[in-house]
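The primary structure of each chain is shown beneath.
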Amino acid sequence: MKRIIKNGSVLYHGKFEKLDILFDENQILKIAEKIEDDEAEVIDACGKTVLPGLIDVHVHLREPGFEAKETIATGSKAAAHGGFTSIFAMPNLNPYPDCSETMKSYLERIEKDACVHVYPYGTITKGEKGQQLSDMEDLRKLGIRWFSDDGVGVADDEVMRRAQEEVKRLECLMACHTEDMNYRAKGASVHESEYAHIRGWIGIPSECESEQLKRDLKLAEETHLRYHACHISARQSVDALKAAKEKGLDVSGEVTAHHLLLEEADVKGPNWKMNPPLRSHEDRMSLIEALEEGTLDFIASDHAPHTRKNKDQPMATAAFGIISLETSFPLLYTEFVRRQKRWSLEQLSAWMSEKPAKRFGLDRKGCIEEGYDSDLIIIDPDTEKVIHADEFFSKGRNTPFDGYTVNCEILETIVSGRTVYRKEQ
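For clarity, every value in this text was computed on a predicted model and none was experimentally measured.

Let's shift gears to helix 9 (residues 281–293). For helix 9, with 13 residues, the first-to-last C-alpha span of 18 Å sits near the 18 Å given by 1.5 Å per residue. Residues of helix 9 that are buried include every one of Asp283, Arg284, Ser286, Leu287, Ile288, Ala290 and Leu291, and no others. Gly294 lies just past helix 9 and shows a positive phi near 100°.

And the structure:
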């Protein structure tokens, strides 16, 4: 069925124009100042803004194995509510998707329950134990082109070397959570600093992230694979990634919304506990500047839902992670586009759509173009709304942003030409 979005301000070729968009379930058919088609359903976007659907390469859907925290159905609905039309699901599940048999079952669940495009990662190692490589070749035959042991770092240098060589051979991409556990004490929960010491919290130094990243990047220089660094949080990591890019390595890095918005002095309790932790003001500013200059490539959410029981504990034992699919875009728009006027909406859209699409090989996504997939969002960029965690589609309520006021709202999310979320009138 054909549909037309009319009268909207459309992000087209890097600038906003008043255009109509004709599309069906397969692709965008036509973009012009005025389109008439008597057979097409009309969506009136007068006074609103039309953007390409957002793309998030770092999401925890928790299913299979941890359905009390999130499911494919609830997580994908949360994505749609937040304006995301494509998400990449991390593989720290039960069972781990480390072989074709498990992955086939996982893909069937996704096909049945997801309302947005979901691209699953395969694991780098069996059971994310950092010892034996997963069945990458068989997973590649199923269309899996992305591998990660998210949640843990691959500690053994030789295992990581062999993994990089295999990912390179298969022409895939490796996305790494870098964490050297030699730097992390038992019960550590926040950034290592005087702020943590005063509150009696055990800290995690920046080297916990940056030293293993440096190891990975050194190996990447030898193996020449496509390497992606997950949730960069520290200035030292930014410096390492910049040096690797200056050498011409095929590497990229993401930063989360919460690491751009918050820092160690904002931490009040378990809903501010994430891994990697919120770091210093200097670290946060280095992340913003690195994104602006291109050392960091785009923004991801690291959406990590937990039950209340997981979070309602002392800092040392509470689970790491916050939910962010439904808040990332409005928060970043409000802070950096509206309040600070530091970024344009065009920049923010590129960091959350076009650039992740290009890096992760989604060739017909991330832009509004004729022939591209009909994944679109309509937003109100001039409104005021209070974030209420109890209104989330996600099962999780673990957010530090409950009660924040934002100046943007997702009105409609369209995936493959079909509306999967629309704000109730």
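Running from N to C, helix 7 (residues 235–246) and helix 9 cross one another at 25°; their axes reach a closest spacing of 8 Å. Comparing their axes, helix 9 and helix 7 come out roughly parallel. The residues of helix 9 that touch helix 7, namely those facing Arg235, Gln236, Val238 and Lys242, are Glu282, Asp283, Ser286, Leu287, Ala290 and Glu293.

If you trace the 3 strands from one edge of the open sheet to the other, you get 6-7-8, paired in parallel fashion. This sheet does not close on itself; its edge strands, each paired only once, are strand 6 (54–59) and strand 8 (117–120). Mean inter-strand twist for the sheet, computed between neighbouring axes without regard to direction, equals 20°. With 4 bridges connecting them, strand 7 (residues 84–89) and strand 8 associate as parallel partners. If you follow Ser86 over to strand 8, its bridge partner there is His117.

Moving on: unusual backbone geometry. In most cases, non-glycine residues show a negative phi, while peptide bonds are predominantly trans. Look at the link from Asn94 to Pro95: it is a cis peptide, with omega at 5°. Within the element layout of this structure, Pro95 appears in the loop between strand 7 and helix 2 (100–113). With omega at 5°, the peptide bond leading from Asn275 into Pro276 counts as cis. Here Pro276 shows up in the loop between helix 8 (257–261) and helix 9. Phi is positive for Asn7, close to 70°, though the residue is something other than glycine.

Counting residues in hydrophobic clusters, the biggest one holds 94 residues, and the most contacted among them are Leu260, Ile299, Phe329, Leu332 and Trp343. Sorting elements by how many residues they give to this core places helix 11 (residues 328–339) first, with 6 residues. Beyond its immediate stretch of four places on either side in the chain, Ile299 contacts Ile55, Val255, Thr256, Ala257, Leu260, Leu291, Leu332, Trp343, Leu348, Trp351 and Met352.

Here the focus is the pairing of strand 13 (residues 226–229). Of the strand pairs in this sheet, strand 10 (residues 173–176) and strand 13 are connected by 4 bridges, and their pairing is parallel. Within strand 13, the position partnered with Cys176 by the bridge is Ala229.

What counts, and where the lines are drawn
Residues numbered from 1 in each chain as written. Predicted model: local features only at pLDDT ≥ 70, side-chain atom pairs only at ≥ 80, totals over all residues. Heavy atoms only, no water. Helix = DSSP H or I, 4+ residues; strand = E, 2+ residues; numbered from the N terminus. Expected span 1.5 Å × (residues − 1). Buried < 20%, exposed > 50% of the residue type's maximum accessible area, 1.4 Å probe, protein only. Axes fitted to C-alpha atoms, helices over the stretch in contact; angles between N-to-C directions. Parallel < 35°, antiparallel > 145°, perpendicular 65-115°, else oblique. Contact = heavy atoms within 4.5 Å. Pairing = 2+ DSSP bridges. Core = buried A, V, L, I, M, F, W, Y, C linked by side-chain atoms within 4.5 Å.

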